[in-house]
Amino acid sequence: MVFGANAAGISDDRVRIGVLSDMSGQYSDSGGRGSVEAARMAVEDFGAKVLGKPVEVVFADHQNKADIGGAKARQWWDAEGVDMIIDLNNSAIASAVNVLAKERNKIAIATGALSNALTNEFCAPTAIHYTVDSYSIASAAVDAVLKQGKKDWFIIAVDYSYGKVTSEIITNFVKEGGGRVLGTVYHPFNAGDFSSFLMQAQASKAQVVALANATNDSINTIKGAREFGMNKTTTIVPQLMYINDVHGLGLEQGQGLVFATAYYWDRNDESRAWAQKYQARMKKMPSMNQASIYSAVTTYLKAVEQAQTDDGLAVAGQMKKMKINDVFSQNGYVREDGRMVHDMFLVQVKSPKESKGPWDYYKVLDTIAGEKAFQPLAKSSCYLVKK
C-alpha cells in the first residue's frame, strides 16, 4: 500500500464518489436523492474533472441497516474503484464505514450521521465528520433553554446509537447548567405511536422535553405533544431538525421551536443563490445535510487537486490544512480527530404571520463559533489527538 507523500496521480484514471444514503426511508428527505444531486452539483461546478481525470458520482441505498451499508462500502472500495464515500445518514452505518475506511486508507465523510462516537472511539485518519454532531446540536439549544430558568428536563430518545449518545450529552449539559433530568425513555426507530412515551414525560412534570430523535420520529413526537396539550405547559426542544422536517410539520405546529442548525438557505446572498439552484432541480430547499455534501465534495476535490493524488491519507492530510468558507461553512476547518469545525446557528421557527413565503421558516437568534459549539479536543477520546 502506498501512503501519503509517496503516492501520486489518480488511481484507475478517474475519481469516483459514492453517496451512501437512505434513499427510501425516513431519512431520505434530508438525504437520499437530494444528497446525490448536491454531490453532482459540486462535481459540475468543479468542472467534472480533477487533475485532468473525470469525476463520477454513484449512489446506493443503505436502508438504515448497518450490514447492508457496510457491505456496499466494502464492495465499492474493494471491487468498484470508489475513492470517497459520503452522506452516511445513520450513525451505526457511519461507524461501520469508518472502520472500513481506516483498514483501506479510503476517505469517508459523514455528513448525515450525528453520533459523537465518529470522532471519538470510531475516529480514523481518513474519516471526517462534516456537518453536525450530538454535542454541537445539544450545546446551543440546552444552554438557551436553561437561561430561561427551565431546570427540570425529560428526554425522549430513539433506541439506537444516535439517541443514546445524544441523551447522554443532553443529560451532561443539563446537569452542568444546574438542571436535572427527571427521566429518559427510548422508543423504537420509526415508531408509529408516541403516546406512552409522551405520557411518561407528562407524568414527570418536567418543564422541558428534549427530543433525541430525528425526521418523522421528531415530527410525530411534536404532533403528539400538541395533541396532549403539552405545548401549553412544556417546552419541546428537538435536537435534530432539518428544514424539510419543519416544512412537513408546518409553521402552525412548528412555530416557536428553538434548535441549533449548521445551515439556513436564506442566511446570505451566496447561500440563497446556491439554494435556489438546488431548488430548481429538486423543487424544495436543501437540508443542512445536502448543503454540506456540496461543500464536502468541493473541499475533497480541491484537496485531491492540491495533493496531486487521490490517495486517502494524502487527501485527508490536505483537507486538514484547508480553510473552508462557502455556501455551507463559515470559518470551517478539519481537526486531527476528523471533526469539521464551523459556526453554528441558534434558530427559532417563525409563526405563519412572520413568514413571508414558502421556505421562509427561521429567525436566526444567535451565531455560535465553532470552537464553542463542538466538543473540545481536551474531551476527545480519539487516539489521533495528541494530549
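Structure shown above.
Note that this is a predicted model, so its numbers are computed, not measured.

Peer 1: Can you help me understand the layout of surface pockets in this one?
Peer 2: Empty space among the atoms can be located by rolling a probe the size of a water molecule over them. Quantified by volume, the largest pocket comes out at close to 340 Å³. If you go around the largest pocket, you meet 18 residues; those closest to its centre are S139, A140, D143, A144 and K372. For the lining of the largest pocket, the secondary-structure elements that each account for two or more residues are α4 (134–146), α5 (161–176), β15 (362–368) and α13 (370–373). Broken down by element, the residue count for the lining of the largest pocket peaks at eight residues, all from α4. Among the residues making up the lining of the largest pocket, the classes are represented as ten nonpolar, three polar and five charged.

Peer 1: Explain the sheet that holds strand β1 (residues 15–21) here, please?
Peer 2: The strands making up a sheet associate through backbone hydrogen bonding, with each pair oriented either parallel or antiparallel. On the basis of which strands lie adjacent, the open sheet formed by six strands has the order β2-β3-β1-β4-β5-β6 and mixed pairing. Sheet topology places β2 (49–50) and β6 (127–129) at the edges, where each strand pairs with a single neighbour. Summarising the sheet, β2 and strand β3 (residues 53–61) pair through two bridges and their orientation is antiparallel. Of the residues in β3, the one forming a bridge with V50 is K53. The strands touched by helix α3 (residues 91–104) within the sheet are β1, β5 (107–110) and β6, with β5 carrying the most contacts at an inclination of about 160°. In this fold helix α11 (residues 288–307) packs onto β1, β2, β3, β4 (84–87) and β5, with an angle of close to 160° to the strand it touches most, β4.

Peer 1: Just checking my understanding: could you explain the packing of aromatic side chains for this structure?
Peer 2: For any two aromatic rings, the description comes down to two numbers: the centre-to-centre distance and the angle of the planes. What the rule picks out here adds up to twelve aromatic pairs. When the centroid spacing of 6.1 Å and the interplanar angle of 65° are considered together, the rings of F194 and F197 count as edge-to-face. Aromatic pair F259 and Y362: ring centres 5.6 Å apart, planes at 85°, arrangement edge-to-face. Remark: Y362 occurs in strand β15 and F259 occurs in strand β11 (residues 258–261); sequence separation between them is 103 residues. In this structure an aromatic cluster arises from ring pairing among Y27, Y160, Y162 and F189.

Peer 1: Explain the sheet that holds strand β7 (residues 152–158) here, please?
Peer 2: Read from one edge of the open sheet, four strands run β8-β7-β9-β10, paired in parallel fashion. Only two strands of the sheet have a single partner each, and these edge strands are β8 (180–187) and β10 (235–238). Strand-to-strand twist across the sheet, computed as the mean angle between neighbouring axes with direction ignored, equals 20°. In terms of strand pairing, strand β9 (residues 208–212) meets β10 through four bridges, oriented parallel. Looking at β10, one finds that V208 is bridged to T235. Its contacts with the sheet place α4 against β7, β9 and β10, and it is angled at close to 155° to β7. Here helix α6 (residues 195–203) sits on the sheet and contacts β7, β8 and β9; the angle it forms with β7, its principal contact strand, is near 165°.

Basis of the calculations
- Residues numbered from 1 in each chain as written.
- Predicted model: local features only at pLDDT ≥ 70, side-chain atom pairs only at ≥ 80, totals over all residues.
- Heavy atoms only, no water.
- 1 Å grid on protein atoms, 1.4 Å probe; cavity = no way out; pocket = protein on both sides within 12 Å on 5 of 7 lines; lining within 4 Å.
- Points joined across faces, edges and corners; volume = space filled by probe spheres on them.
- Helix = DSSP H or I, 4+ residues; strand = E, 2+ residues; numbered from the N terminus.
- Nonpolar A, V, L, I, M, F, W, Y, C, P; charged D, E, K, R; others polar.
- Pairing = 2+ DSSP bridges.
- Contact = heavy atoms within 4.5 Å.
- Axes fitted to C-alpha atoms, helices over the stretch in contact; angles between N-to-C directions.
- Phe/Tyr/Trp six-rings, centres within 6.5 Å; stacked < 30°, edge-to-face > 60°.

Geometric values such as these leave the question of function open.
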